[in-house]
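Architecture and fold: a report
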Amino acid sequence: MERRQFLAATSAYALAALALPDLDAITRRTRAAAAGGPVNVGRGEVLAIRQMTTALGDTASELGGGHARHLAVRYLTQDVAPWLNGNYSEATGRDLFAATSQLVHLAGWMAGDEGNQGLAQQYYAHSFRLAAEAGDPELSATALRGMAVQAIDLGHRAAAVRLSEECVHYAGGIEDPRAVAYYQATLANAAALDGDRRTARVALAASESAIENAPKTPGESWAAHYSPGRWAHETGMILAQLGDLDTAQDHLHHALAIHGLDRRRTRAIVLADLGQVHLRRDDTDAALATWNDFLDTAEGIRSVKVTTAVDEMRARLHRLRDVPAAAELDQRAASLT
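Residues numbered from 1 in each chain as written. Predicted model: local features only at pLDDT ≥ 70, side-chain atom pairs only at ≥ 80, totals over all residues. Heavy atoms only, no water.

1. Looking at the side chain of arginine 145
Mapping arginine 145 onto the fold places it in helix 7 (residues 137-154). Among the residues examined, arginine 145 registers a relative accessible area of 14% and is labelled buried. Side-chain polar atoms of arginine 145 contact the side chain of tyrosine 182, separated by 3.4 Å. Leave out the neighbours within four places in its chain, and arginine 145 touches Cys167, Tyr182, Tyr183, Thr186 and Glu234. (Helix = DSSP H or I, 4+ residues; strand = E, 2+ residues; numbered from the N terminus. Buried < 20%, exposed > 50% of the residue type's maximum accessible area, 1.4 Å probe, protein only. Polar contact = N/O pair within 3.5 Å; in protein donor to acceptor, adjacent residues only side chain to side chain. Contact = heavy atoms within 4.5 Å.)

Written out as structure tokens, the structure is:
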């Protein structure tokens, strides 16, 4: 897939991915392995993949996907690929496919955060296939969410709604409140983009109810990272899209205040978004102060979202070019583009 990184992300490809899963693949592989394969795979290899995914994910969350994607791809192709073609029991195979789905999803997120949207889409589709083969509805839903968020960011409104609805469908039997909040907020975001205010409000209410019932200590699930702070940020931007700027501002301030929103990349994006909301509320001083904090936080982060936030901030500063503080901020931001 590395050689195809410049392909465009399309809504047609994303929707076609819904038909990818081959639910009998692991059973066939297990039977084939009975004849003897090159590598014996057990719990240790599965644990290694999970630990490596956590370590790489922590780095990417702090510094952006551009910093460690090559490490994730190298580990996936050189270490994990031989294990997928090795000898394992059906139970181990399902765990192996699930762990690999997480790693592939992370590689997709990194590619997207680096700006390679076509490559990211292919990784998400492959992650979805692996998760479905493993029989893991949460990982399947999360892979679909990755494609849904990508469709939202690219403006593919109909595909975003379709993928978000399918994401919620796959998660129908999941009881983890954080996971439910995660997927319902995605549907709310897609519906808001599509101008469907009723669906957006209903999904947002479901997401809020779920996050309020989430345990304070995150579990081990793939969606456990969806904290109240991240929910507050996403909800704030959905509300801003729906025109409720006062409540949106409250949610973004809440996101920044909650202990645990400690990833520099995440914090930088929240600050950039809050600056936009301040400006839309005609609070220029608050916008400029927030954007100064954003630039302080953004230094050294390699993320297309941060780069885009800088570009969008500078475009908005143009209308304030007669304000000395705005001109100084624009000059400072120029060094980051």
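Next comes the rest of the write-up.
2. As for the packing of aromatic side chains
Under the counting rule described, the total for this entry stands at 4 aromatic pairs. Ring geometry for tyrosine 75 versus tryptophan 83: centroids 6.4 Å apart, planes at 85 degrees, classification edge-to-face. Neither residue differs from the other here; tyrosine 75 and tryptophan 83 are each classed as buried. Ring plane angle 75 degrees and centroid distance 5.4 Å describe the contact between phenylalanine 128 and tyrosine 170, whose orientation is recorded as edge-to-face. Placement of the pair is phenylalanine 128 in helix 6 (residues 117-134) and tyrosine 170 in helix 8 (residues 157-170), with a sequence separation of 42 residues. By way of ring pairs, the aromatic residues Tyr182, Tyr183 and Tyr226 are connected into one cluster. (Phe/Tyr/Trp six-rings, centres within 6.5 Å; stacked < 30°, edge-to-face > 60°.)

Geometric descriptors of this kind do not, in isolation, establish any biological role.
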